[in-house]
Amino acid sequence: MELSVPYGVIGSTGRMGREIAAAAGGTPCLCVWDEGETCEGSPRVIFDFSSAAVLPRTVELCRRHKSALVMGTTALNDGHMAALRGLAEEVPVVQSFNYSIGIAVMAMILRDYAPLLADWDAEIAEAHHIHKKDAPSGTALMLGRALGRDVPMHSFRLGGLPGDHEALFGNEGETLSVHHRAISRSVFAIGAVRAARFALTKEKGLFTFEDVVRG
Ligand SMILES: NC(=O)C1=CN([C@@H]2O[C@H](COP(=O)(O)OP(=O)(O)OC[C@H]3O[C@@H](n4cnc5c(N)ncnc54)[C@H](OP(=O)(O)O)[C@@H]3O)[C@@H](O)[C@H]2O)C=CC1
Ligand SMILES: O=C(O)C1=N[C@H](C(=O)O)C[C@H](O)C1
């Protein structure tokens, strides 16, 4: 369902930026890409699916327009997360490395059942398109945190894969795996627009996509 307020897209010319515009509908009033920026009006919410290097500019634009932020860009460091926490003291910020409901549920499963698998061997595998710049994926790192322990991570870069993630467990007698496959990257855009609607109901604060899914 289309977004009924003016919105901005940082990373507007990218794979995700174009999916966001398709899911949100209409035309973004603010567009930012590597070569430039256009703005006609004031966005109520800004989506960032770009590069971690752009985050300071994103924070500045959200402050200028008093916009909510839906942050999707990965490869964020502690400094970037601190900047988002600072912004969240002024506006609503949703930050997630994956806006699919399936991965949100997968993280809940891993977090809830990790104690029962604590003495099993565990590894995480992820596979994405050949253009992806970061490895392991932000989602793989997030799933590792849900497991609550450091586990080996394996990254595959193949063709146009939108995003596969698998948590694999094993002991002497059996194995278990939990697998999620994004069939289309539109699923991330649909989730991001849902996150935008959630953010627009808040005055300020830092939220995860799990908060959005749980309503
Ligand atoms: N949270 C989630 O659910 C998802 C997150 N992602 C993440 O989103 C990000 C973008 O992914 P994707 O769309 O595939 O990437 P693309 O490379 O297709 O797009 C990146 C966009 O950011 C712009 N950009 C890059 N560097 C700068 C810069 N320094 N200043 C301004 N604009 C810049 C690019 O502009 P230009 O075209 O001019 O280079 C382009 O518009 C990645 O971090 C990815 O991991 C992806 C899918 C889902
Ligand atoms: O770059 C991508 O495409 C994706 N990146 C995110 C990540 O790094 O986890 C989310 C999704 O898997 C697609």
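Keep in mind it's a predicted model, so treat the numbers as computed, not measured. (Residues numbered from 1 in each chain as written. Chains lettered and ligands numbered in written order. Predicted model: local features only at pLDDT ≥ 70, side-chain atom pairs only at ≥ 80, totals over all residues. Heavy atoms only, no water.)

1. As for the site of ligand 1
Going by this rule: Being near a molecule or strand, for a residue, comes down to having at least one heavy atom within 4 Å of it. Distance and chemistry together define a polar contact, namely a pair of N or O atoms within 3.5 Å, with one atom able to donate a hydrogen and the other to accept it when in protein, and with adjacent residues in sequence counting only for side-chain atoms on both sides. Per-residue and other accessible areas were derived by the Shrake-Rupley procedure at a 1.4 Å probe size, with only the shown protein chains allowed to occlude residues. Asp, Glu, Lys and Arg are counted as charged, while Ala, Val, Leu, Ile, Met, Phe, Trp, Tyr, Cys and Pro are counted as nonpolar; the rest, among them Gly, fall into the polar class.
Neighbouring residues of ligand 1: 23 residues in total, closest Thr13, Arg15, Met16, Thr74 and Tyr99. A distance of 2.9 Å separates an oxygen atom of ligand 1 from a polar backbone atom of Arg15. With the chains in place, 78% of the 930 Å² that ligand 1 exposes on its own is no longer accessible. For the shell around ligand 1, the residue count by class is 7 nonpolar, 11 polar and 5 charged.

2. What about helix α5 (residues 138-147)?
Helical geometry: 3.6 residues make up each α-helical turn, so side chains three or four residues apart lie on a common side. To be explicit about the condition: Buried, partly exposed and exposed residues are distinguished by accessible area as a fraction of the type maximum, computed with a 1.4 Å probe on protein chains only: under 20%, between the cut-offs, and over 50%, respectively. Note on conventions: DSSP H or I runs of at least 4 residues are helices, E runs of at least 2 residues are strands, and numbering of each starts at the N terminus. In what follows, residue pairs with any heavy atoms lying within 4.5 Å of each other are defined as contacts.
Here α5 lies mainly inside the structure; 8 of its 10 residues are buried. Within α5 the residues assigned to the buried category are Gly138, Thr139, Ala140, Met142, Leu143, Gly144, Ala146 and Leu147. Looking at the buried residues of α5, the elements they touch are α4 (101-113), β7 (121-128), β8 (153-157) and β9 (164-170).

3. Observations regarding the sheet that holds β7
Just so we agree on the cut-off: DSSP-based pairing: two strands are paired if at least 2 bridges between them are found. In this description, a line fitted to the C-alpha atoms serves as the axis of each element, helices being fitted only across the stretch in contact, and the angle between N-to-C directions of two axes falls anywhere from 0 to 180 degrees.
Spatially, the 4 strands line up as an open sheet ordered β8-β7-β9-β10, and their pairing is mixed. Of all the strands in the sheet, just β8 and β10 (175-181) have a single pairing partner and so form its edges. Ignoring which end each strand starts from, the neighbouring axes of this sheet average 15 degrees apart. Taken together, the 7 bridges between β7 and β9 define a ladder with antiparallel strand orientation. In the strand pairing of β9, Ala122 is matched with Phe169.

4. What to know about the UniProt feature "binding site: (S)-2,3,4,5-tetrahydrodipicolinate" (unreviewed entry) in the protein
The condition that has to hold: UniProt positions are given in the numbering used here, feature names are shortened, and annotations may be inferred rather than shown by experiment.
Mapped onto the present numbering, the UniProt feature "binding site: (S)-2,3,4,5-tetrahydrodipicolinate" (unreviewed entry) falls on His129, Gly138 and Thr139. Judged by relative accessible area, which is 10%, His129 ranks as buried. If near-sequence neighbours (up to four positions away) are discounted, His129 is found in contact with Arg15, Arg157, Leu158, Gly159, Gly160, Leu161 and Arg185. Examined against the element boundaries, Gly138 turns out to sit in helix α5. With residues near it in sequence (within four places) discarded, Gly138 still touches Thr74 and Phe97.

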